[in-house]
Amino acid sequence: MRILLTILLLFPFLSNAQNEYSTRELNPFVFYNYQRNCFTIIDDSTGCHEYNPTKKQWETRKLKMVIDEPFSKFLENFVVLHEKNSEIFFVDRGCGQVYILKNDSIYRHDHSFHHQNQFGGLFFIYNNEPHIFGGYGLFTYKNIITRYDLEDREWYHYEIKGDSPKPRKAAKGNFVNGKLYVFGGERFLYDKKTNYFDCWVFDFKTLKWTNIGNTNNSPTSQMESENLNITFSEEYLISPTLIYQFNFPKNKIEIFKNPFSSKLKNIIKFDNLSLLYKIDHHGDFSKFEIVDNYHLVHRSSIDIVKQIEPNSKPLILIAIISFICLVILCFVLKSRFKRKVKTSKHSFDPMELKLLALFFENENQGIEISLINDIVNQDNPSIDTLKKRRENLVRELKSKISKECKIPVETVFLEEKSALDKRIKIMKLNPVVLKRYAGLFDAN
């Protein structure tokens, strides 16, 4: 009876121990494997450890590593990326080389090299392809988004339209419903550190960034400014004392107290279970524990709920600039309207004004070319001289009207044959010209 009682008392402890796994490797690959429906830890060159939710225990599976560097460097220099329906990628931390886990083997997939260009970038998957935002490399900070093409097996970057976040590394954020949400990050210039607290969203449909606010008044900014040791998983920002859960589409940040005595490094959720990734007090072991989400949430009470504060200054600035532009536009239009009559009058000499007035007097029926003779016939010139004067007057008038109305010279006058005599040519003003100089002669 005592033996049975002892077993029953020990059973919860034994059961709980099955949910835990420890390793001396401090930076293993940790992810949820959607292909095998299990939490997975790769901390050894010979295989991986998978959590069996049915048996509630960790199991070992052998893997073949076809890698170009020692396994310890492989863990140090690569980031694991995986989501539902995607391959399991291991991506160069500086961008470049890409490995894939398939059929129990990890092997090289890319045709690239170590770019060393985006260390500290934000890694995510979009359209089943690895992506990286920002980072540092080759002596410059980046604000680009690079994409690994599965067919070409090479990296490309997007052509971004409009404004973008300032170049930075160590930005945080995640990918939700076709949009990349990014906030925070840092940049060093002449050994001076700049922390960023702005929040941006990138829409892959429009290829445009939008500034949605900042976190200046939230504890996250205080954590950044105090240089506290923080990590960011898909949903959580984790500090030694607090856990921040982000819901970007709802513009909400929920803050929990961190109840774990060990150093919590990451939280990976799937359905009703969560994997807690912790480092022990002495930094000698990585510890992993599977808990139900109810248990996870109720181990820490909600401390506060914060919203990402909209960035109102740019909106006010845009409104002011728009108002100023509107005032300037009204002034310009008014000035052009006033100049329209004044400039037109002074643009023509007396004979040109007489000819233009003649066209307006006969706006509907037009004029015969012979009527122009009366304007240039001041001293009874010869027929040839009269013809030359008439042609010069018409040519000069057409040239000036063409420049002012911005229309081709040949379209200033419209020509047609007389209804009474087909041999007689009738000339009319183009409707554009009529509209441009409407009211010009009514003022006189």
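Per chain, residue numbering runs from 1 following the sequence as it is written. Totals for whole chains, interfaces and linings use all residues, but because this is a predicted model, local features are given only for residues with pLDDT of at least 70 and pairs of side-chain atoms are given and counted only at 80 or more. Note that the side-chain values use all heavy atoms of the structure and ignore hydrogens as well as water.

Engineer: What exactly am I supposed to notice about the overall build of the protein here?
Structural biologist: Counting secondary structure elements, the protein contains nine helices and 31 strands. Residues counted as buried form 42% of the 444 residues belonging to the protein. Residues count as neighbours in contact if any of their non-hydrogen atoms are within 4.5 Å of one another. Considering only residue pairs separated by 6 or more positions, the protein has 47% of its internal contacts joining residues 24 or more positions apart. Of the accessible surface of the protein, which amounts to about 26,200 Å², a share of 54% is contributed by carbon and sulfur atoms. Counting from the N terminus, the helices are the DSSP runs of H or I reaching at least four residues and the strands are the DSSP runs of E reaching at least two. For every residue, the accessible area (1.4 Å probe, protein chains only) is compared with the maximum for its type, and the residue is labelled buried under 20%, exposed over 50%, or partly exposed between those bounds. Calculation of accessible area relied on Shrake-Rupley with a 1.4 Å probe; when residues are assessed, cover is drawn exclusively from the protein chains displayed.

Engineer: What exactly am I supposed to notice about the confidence of the model for the protein here?
Structural biologist: Parts of the model with low pLDDT should not have their predicted coordinates read in detail. Per-residue confidence from the prediction method is given by pLDDT, with values spanning 0 to 100. Of the residues in the protein, 80% have a pLDDT of 70 or more, and the chain-wide mean is 82. Every residue in residues 4-16 scores below 50 in pLDDT, and together they form one contact with partners more than four places removed in sequence or on other chains. Counting contacts from residues 339-344, a segment whose pLDDT is below 50, to residues more than four positions away or on other chains yields eight contacts.

Engineer: Sorry if this is basic, but what is going on with the pairing of strand 15 (residues 172-176) here?
Structural biologist: Successive side chains on a regular strand alternate, one facing one side of the sheet and the next facing the other. Any two strands are treated as partners once DSSP identifies two or more bridges connecting them. Bridge count for strand 15 against strand 16 (residues 179-183) is five bridges, and the pairing is antiparallel. Bridge pairing in strand 16 links Phe-175 to Leu-180. The hairpin turn running from strand 15 into strand 16, its antiparallel successor, is two residues long, and Asn-177 in that turn takes a positive phi close to 50°.

Engineer: Can you walk me through the sheet that holds strand 16 in this structure?
Structural biologist: Sheets are built from strands that pair by backbone hydrogen bonding, the pairs being arranged parallel or antiparallel. Strand order in the open sheet made by the four strands is 15-16-19-20, with antiparallel pairing throughout. Looking at strand neighbours, the two that pair on one side only are strand 15 and strand 20 (208-214), the edges of this open sheet. Ignoring which end each strand starts from, the neighbouring axes of this sheet average 20° apart. Note on geometry: axes are C-alpha line fits, over the in-contact stretch for helices, and angles between N-to-C directions span 0 to 180 degrees.

Engineer: Teacher, can you tell me more about the state of the cysteines here?
Structural biologist: The term disulfide refers to a covalent linkage connecting the sulfur atoms of a pair of cysteines. By definition, disulfides here are pairs of cysteine sulfur atoms that lie within 2.5 Å. Evaluation of the coordinates by the stated rule reveals zero disulfides. Sulfur of Cys-38: no disulfide; nearest cysteine sulfur belongs to Cys-48 and is 7.3 Å away. You can call Cys-38 buried: its relative accessible area is 6%.

Engineer: Which parts of the structure should I look at to understand helix 6 (residues 350-361)?
Structural biologist: Each turn of an α-helix holds 3.6 residues, which means side chains three or four residues apart point in the same direction. One fewer than the residue count of a helix, multiplied by 1.5 Å, yields its expected span. The first and last C-alpha atoms of helix 6 sit 16 Å apart over 12 residues, in line with the 16 Å expected at 1.5 Å per residue. Looking only at helix 6, the buried set comprises Glu-352, Leu-355, Leu-356, Ala-357, Leu-358, Phe-359 and Phe-360. In protein, a polar contact means a hydrogen-donor-capable atom and an acceptor-capable atom, both N or O and within 3.5 Å, with residues adjacent in sequence counting only if both atoms are side-chain atoms; elsewhere, any N or O pair within 3.5 Å suffices. Between the side-chain oxygen at the start of helix 6 and the backbone nitrogen of Met-351 there is a gap of 3.2 Å, and the oxygen is on Asp-349.

Engineer: Just to check I follow, could you spell out the environment of Pro-53 for this structure?
Structural biologist: Its location among the elements puts Pro-53 in the loop between strand 4 (47-52) and strand 5 (57-62). For Pro-53, a relative accessible area of 40% corresponds to the partly exposed category. Counting along the chain gives 220 residues from Pro-53 to Leu-273, while the straight-line C-alpha distance between them is 9.2 Å.

Engineer: Which parts of the structure should I look at to understand the packing of helix 6 against helix 8 (residues 383-405)?
Structural biologist: To describe two helices that pack against each other, one gives the angle between their axes and the distance between the axes. Direction vectors running N to C along helix 6 and helix 8 enclose 80°, while the axes themselves pass 10 Å from each other. On the basis of their axis angle, the class for helix 6 and helix 8 is roughly perpendicular. In contact with Met-351, Glu-352, Leu-355 and Leu-356 of helix 6, helix 8 contributes Leu-393, Val-394, Glu-396, Leu-397, Lys-400 and Ile-401. Orientation is classified from the angle alone, with under 35 degrees giving roughly parallel, over 145 giving roughly antiparallel, 65 to 115 giving roughly perpendicular, and any other angle giving oblique.

Engineer: What exactly am I supposed to notice about the pattern of salt bridges here?
Structural biologist: Working definition: two side chains of opposite charge can pair if their charged atoms are close together. One speaks of a salt bridge when a side-chain nitrogen belonging to Lys or Arg is within 4 Å of a carboxyl oxygen belonging to Asp or Glu. For the structure on display, the rule yields 18 salt bridges. The partner of Asp-149 in a salt bridge is Arg-147, with the nearest N and O atoms 3.1 Å apart. As far as the burial class goes, Asp-149 and Arg-147 line up, both buried. Here Glu-352 and Lys-400 are joined by a salt bridge, their closest N and O atoms 2.9 Å apart. Taken as a pair, Glu-352 in helix 6 and Lys-400 in helix 8 lie far apart in primary sequence, 48 residues in all. Classification of Glu-352 as buried rests on a relative accessible area of 2%.

Engineer: How do you make sense of the environment of Phe-139 when you look at a structure like this?
Structural biologist: Mapping Phe-139 onto the fold places it in the loop between strand 12 (129-137) and strand 13 (140-149). C-alpha separation for the pair Phe-139 and Asn-117, spaced 22 residues apart in sequence, amounts to 8.7 Å.

Engineer: Help me understand the sheet that holds strand 31 (residues 425-429), please; the structure alone is not making it clear to me.
Structural biologist: Taken in spatial order, the three strands line up as 29-31-30 in an open sheet, and their pairing is antiparallel. Each edge of the sheet is formed by a strand with only one pairing partner; in this case those strands are strand 29 (367-368) and strand 30 (413-417). Pairing analysis gives five bridges linking strand 30 to strand 31, with the strands arranged antiparallel. Paired with Glu-416 across the strands is Ile-426, a residue of strand 31. Contacts from helix 6 reach strand 29, strand 30 and strand 31 within the one sheet, and its direction differs from that of strand 31 by about 95°.

Engineer: How should I be thinking about the side chain of Asp-149 in this particular structure?
Structural biologist: With respect to the helices and strands, the residue Asp-149 is situated in strand 13. Under the relative-accessibility criterion, Asp-149 is labelled buried at 13%. Here the side chain of Asp-149 touches Glu-151 through a polar contact of 2.9 Å, landing on its backbone nitrogen.

Engineer: For this particular structure, what's the right way to read the side chain of Thr-146?
Structural biologist: Within the element layout of this structure, Thr-146 appears in strand 13. Here Thr-146 falls in the buried class, since its relative accessible area comes to 7%. For Thr-146, the side chain forms a polar contact with the side chain of Gln-118, separated by 2.7 Å. The residues contacting Thr-146, other than those within four sequence positions of it, are Cys-95, Gln-118, Pro-130, His-131, Ile-132, Trp-155, Tyr-156 and His-157.

Engineer: Sorry, what's going on with the packing of aromatic side chains here?
Structural biologist: Centre-to-centre distance and the angle between the planes together describe a pair of aromatic rings. Any pair of Phe, Tyr and Trp rings, taking the six-membered ring for Trp, is counted once the centres come within 6.5 Å. Such a pair is stacked with planes under 30 degrees apart, edge-to-face with planes over 60 apart, and tilted for the rest. Tallied over the entire structure, the rule returns 28 aromatic pairs. Judged by centre distance (6.4 Å) and plane angle (90°), the ring pair of Trp-200 and Trp-209 falls under edge-to-face. The residues Trp-200 and Trp-209 share a single accessibility class, namely buried. By way of ring pairs, the aromatic residues Phe-124, Tyr-126, Phe-133, Tyr-158, Phe-175, Trp-200, Phe-202, Phe-204 and Trp-209 are connected into one cluster. Working rule: Lys NZ or Arg CZ, within 6 Å of ring centre, within 35 degrees of ring normal, means a charge sits over the ring. The ring of Tyr-196 is capped by Arg-168, whose NZ or CZ atom sits 4.3 Å from the centre of that ring.

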